[in-house]
Amino acid sequence: MSIIEIIVLALIQGFTEFLPISSSAHLILPSQILGWEDQGLAFDVAVHVGTLIAVVIYFRKEVADILGAWFKSFGVQGTTDDSKLGWWIILGTVPAAILGLLLKDFVELYLRSAWVIATTTIVFGLLLWYADAKGKQIKTIYQLNWKTALIIGFAQAVAMIPGTSRSGITMTAGLMLGMNKQSAARFSFLLAIPIISMMGLYYTAELALGDHIVDWTALLLGVVLSFLSAYACIFMFLKVIERMGMLPFVIYRLLLGVGLIFFLML
């Protein structure tokens with residue numbers, strides 16, 4: 001990988017992982033449109049580690065509160081709002097973890113194409129617009145229950161399809177279930193922590209067991225750039241989401257999807 005490719009792909013991962021516009025789609029597109037070679041497994045691990053560090057550091061207080069309450073719930077303290085939220089995050093992770101293992105090869109073989117990305121970018125962009133426009137947006141993150149957490153978890157599993165957007169589909173589900181924008185976004189980001197952690201561990205094990213050439217300079221740069229861009233993205237998104245809503249991201253998705261279709265038809 002050239003230095004330009006490393007910088008571009010790391011920034012793409014960081015800026016798009018937590019926005020409702022699909023990081024997987026944007027990482028696939030350079031190879032589809034510009035003819036770049038696949039960035040490789042080691043680099044994928046590096047940029048995912050960078051985004052994981054960003055979300056954990058940004059939500060460090062919430063993560064500490066949830067973990068502490070969850071462990072204490074096994075003792076005399078019993079359940080609290082934070083311990084319940086911990087259970088809902090675990091429950092919401094299960095569908096994506098199971099389906100990810102079962103369908104990974106199918107997705108890799110048949111769904112990583114520009115046509116699929118163009119279609120899902122448009123379809124799930126329109127679904128996000130509908131959820132933002134029609135959702136009641138009255139529930140907070142602490143008003144989740146096991147049913148709503150599981151529904152959002154299955155929505156997260158759909159994000160295996162490139163172009164869907166993990167954050168986009170989980171926010172869409174949250175809004176449709178009546179959550180306000182801040183709560184839908186925060187639950188989506190917290191839900192990212194275990195799933196990105198599992199992806200990182202899976203790819204790290206695959207990397208360790210395989211015969212891969214590792215460019216440590218590229219990996220370090222990838223971690224740093226994806227961390228910085230992801231942290232900035234989370235900060236800005238949560239600051240402006242109430243004022244902007246989801247419409248700017250819907251418009252971007254529609255323009256990207258239509259532009260891709262025109263490009264593919266040339």
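Here is what the cut-offs are and how they apply
Residues numbered from 1 in each chain as written. Predicted model: local features only at pLDDT ≥ 70, side-chain atom pairs only at ≥ 80, totals over all residues. Heavy atoms only, no water. Helix = DSSP H or I, 4+ residues; strand = E, 2+ residues; numbered from the N terminus. Rg over C-alpha atoms; globule rule 2.2 N^0.38 Å. Buried < 20%, exposed > 50% of the residue type's maximum accessible area, 1.4 Å probe, protein only. Contact = heavy atoms within 4.5 Å. Areas by Shrake-Rupley, 256 points an atom, 1.4 Å probe, with all protein chains shown as cover. Lys, Arg positive; Asp, Glu negative; His and termini not counted. Charge placed at Lys NZ, Arg CZ, Asp CG, Glu CD. Salt bridge = Lys/Arg side-chain N within 4 Å of Asp/Glu carboxyl O. Phe/Tyr/Trp six-rings, centres within 6.5 Å; stacked < 30°, edge-to-face > 60°.

Got a minute to help me understand the overall build of the protein in this structure?
The number of helices and strands found in the protein is eleven helices and zero strands. When the helices and strands of the protein are listed from N to C terminus, the series reads α-α-α-α-α-α-α-α-α-α-α. Taken over the C-alpha trace, the protein has a radius of gyration of 18 Å; the compact-globule value for 266 residues is 18 Å, and the two agree within 12%. Its C-alpha atoms give the protein principal-axis dimensions of roughly 60 × 40 × 35 Å. Among the 266 residues that make up the protein, the fraction classed as buried is 50%. Considering only contacts within the protein whose residues lie at least 6 apart along the sequence, 83% involve residues at least 24 apart. Taken as a whole, the protein presents about 13,100 Å² of accessible surface, with 70% of it coming from carbon and sulfur. One finds the centroid of the 16 positive side-chain charges in the protein at a distance of 17 Å from the centroid of its 16 negative side-chain charges.

What exactly am I supposed to notice about the side chain of lysine 104 here?
Examined against the element boundaries, lysine 104 turns out to sit in helix α5 (residues 81-110). Of the buried charged residues, lysine 104 lacks a salt bridge, with aspartate 105 as the closest side chain of opposite charge at 4.4 Å. Leave out the neighbours within four places in its chain, and lysine 104 touches Leu99, Met160, Tyr202, Tyr203 and Glu206.

Just checking my understanding: could you explain the packing of aromatic side chains for this structure?
For any pair of aromatic rings, the description consists of the separation of the ring centres together with the inter-plane angle of the planes. Per the stated rule, a full pass over the model turns up twelve aromatic pairs. Consider the rings of phenylalanine 18 and phenylalanine 189, whose centres lie 5.5 Å apart with planes at 85°: the pair is edge-to-face. Linking phenylalanine 18 in the loop between α1 (3-16) and α2 (23-34) with phenylalanine 189 in helix α9 (residues 181-209), this pair joins segments that are 171 residues apart in sequence. Across the pair, exposure class does not vary: phenylalanine 18 and phenylalanine 189 are buried alike. Judged by centre distance (5.0 Å) and plane angle (70°), the rings of tyrosine 58 and phenylalanine 59 are edge-to-face. Every member of this aromatic cluster is reached through a ring pair, and the members are Phe18, Tyr58, Phe59, Phe189, Phe227, Tyr231, Phe237 and Phe249.

Before we go on, may I ask you to explain unusual backbone geometry in this structure?
With glycine set apart, most residues show a phi of negative sign, and most peptide bonds adopt trans. If you check the backbone angles, glutamine 137 has positive phi at about 55° while not being a glycine. Mapped onto the elements, glutamine 137 comes out in the loop between α6 (114-134) and α7 (146-158). In this structure, serine 165 takes a positive phi of about 85° despite not being glycine. Within the fold, serine 165 resides in the loop between α7 and α8 (166-176). The exposure class of serine 165 is buried, given its relative accessible area of 3%.

Geometric values such as these leave the question of function open.
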